Amino acid sequence: MVKRRFLSTRMLENGMVIDQSIIDKSGRILVARKTVLDDYMIDALRKMKISGVYIREGEEEIVESGVEASPETLQKIEKLTKQDRSKVKLTESVKARVAEGMQFMFSNPRAEGFMDAANSISEELMKAITENDAIAVDIDILKVSDEYTFKHSVDVASMAMIIGKQYGLSDKDVYQIGVAGLLHDLGKAEIPNEVLNKPSKLTEEEFALMKKHPVLGYNLLKEKPNMVPEILLGVLQHHEKMDGGGYPLGLGASRICPYARIIAVADIYDALVTERPYKKGFSPRDAVEMIMAMTAELDMKVIQVFLGSVILYPVESLVQLSNGETARVVENNTNYPTRPKVVGLSSGKIYDLAGDVKCANVIIV
């Protein structure tokens, strides 16, 4: 059984397994979670002035279902399977170019070619959406690189662009909201590593510093030539809330721009499911349910469009049901992404999790 323990970097020893990712100012993962530490890594952590990290103790249990479906069940699955809507797809060469561009931007926020890189990445994402006629996002296939937390910015940009497209924005706005999504966390390049990587709860002073990142990003961008005002506002306002409880300005609904409303939903979802130095990620289902509960803080129409744009359980994937049965996903429900139609492998039973009242107590775990 795996246990997690916080340990001062002064107490780290060669061979220990780290249970969090260590990120630098540029957004690069210097040490990935589950890495076996050596003396060089431990020395680097101390030089970065990281006070402590979580380590793993024990071994993970490996569980295999081993469930085989009968020929009749397989025929039923084949007959009921309805492929997912077109999704954003990034080729490996595109992912490489995007990762390189993101690294350049976050490492050189004041560089002369900064906006050229941002525009180039947004063009790549726009091309992927257009070529595939994409109207949905499968988060698992968007990963630009396992080595960079630029992934978060690219995920947010891609989701924001899809939501914007489904929302009815023009192609120009979809493109520009992609740029804003890529740059929404740029201000974190100005935050010290020891705060970004702190594995425990931030102090009031540290949290106040973190809350400045929208303003820091805005300040970095406002001097860029030909900067679009809507992009600036999207970066500045992406943590504002409809009820006025957000930051940095505490704006109410009437003063929050459309870009920021859309980016806020994409940002919160991806932040919830992504592992951070101080927390493990939530399951996609839990993250969506948390978004659905934030109707006072987020734009309700954007939430509805988001629910129709995200694919949590791709068709043909295997899921575990709360009744203990392993099932295959055969059809997704546009308005209820947490409740697709599935077929139990051992029983052959059809579970229409969204449409059948008899399945009300069954969930995907």
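Throughout this document, residue positions are counted from 1 along each chain, in the order its sequence is written. pLDDT decides what is reported in this predicted model: residues at 70 or higher carry local features, side-chain atom pairs at 80 or more are listed and counted, and totals for whole chains, interfaces and linings draw on all residues regardless. The basis for the side-chain values is all heavy atoms of the structure; hydrogens and waters are excluded.

Engineer: Please explain the sheet that holds strand S1 (residues 3-8) as it appears in this structure.
Structural biologist: Adjacent strands of a sheet pair through backbone hydrogen bonds, lying either parallel or antiparallel. We treat two strands as partners when DSSP finds at least two bridges between them. Only DSSP runs of H or I with at least four residues qualify as helices, and only runs of E with at least two residues qualify as strands; both kinds are numbered from the N terminus onward. Pairing is antiparallel in the open sheet, where three strands are placed in the order S1-S5-S2. The sheet is open, and its two edges are formed by S1 and strand S2 (17-18), each paired on a single side. Judged from the six bridges that link them, S1 and strand S5 (residues 52-57) form a sheet pairing that is antiparallel. Paired with arginine 4 across the bridge in S5 is arginine 56.

Engineer: Sorry, what's going on with the packing of helix H11 (residues 258-273) against helix H13 (residues 300-307) here?
Structural biologist: Each packed pair of helices is defined by two parameters, the angle between the axes and the distance between the axes. Where H11 contacts H13, the two axes come as close as 9 Å, and the packing angle between them is 50°. Between H11 and H13, the interaxial angle falls into the category oblique. Considering only the axes of H11 and H13, their crossing is right-handed. Across from Arg261, Ile262, Val265 and Tyr269 in H11, the residues of H13 making contact are Val302, Ile303 and Phe306. A per-class count over the contact of H11 with H13 returns six nonpolar, no polar and one charged. Only the contacting stretch of a helix is used when fitting its axis, a line to C-alpha atoms as for every element, and angles between N-to-C directions run 0 to 180 degrees. Put simply, angles under 35 degrees are roughly parallel, angles over 145 are roughly antiparallel, angles from 65 to 115 are roughly perpendicular, and the rest are oblique. Left-handed describes a crossing in which the near helix is turned anticlockwise from the far one by less than a right angle; the clockwise case is right-handed. Whether two residues are in contact is decided by their heavy atoms: any pair within 4.5 Å suffices. Just so you know the grouping, Ala, Val, Leu, Ile, Met, Phe, Trp, Tyr, Cys and Pro go in nonpolar, Asp, Glu, Lys and Arg go in charged, and all remaining residues, Gly too, go in polar.

Engineer: What should I look at first to understand the side chain of threonine 338 in this one?
Structural biologist: One can find threonine 338 in the loop between strand S9 (326-331) and strand S10 (341-344). Throughout this description, buried means an accessible area under 20% of the type-specific maximum (1.4 Å probe, protein chains only), exposed means over 50%, and partly exposed covers the range between. The buried category is assigned to threonine 338, whose relative accessible area is 10%. Aside from chain neighbours lying at most four places away, what touches threonine 338 is Arg285, Val288, Leu312, Tyr313 and Ile364.

Structural measurements only, silent on function.
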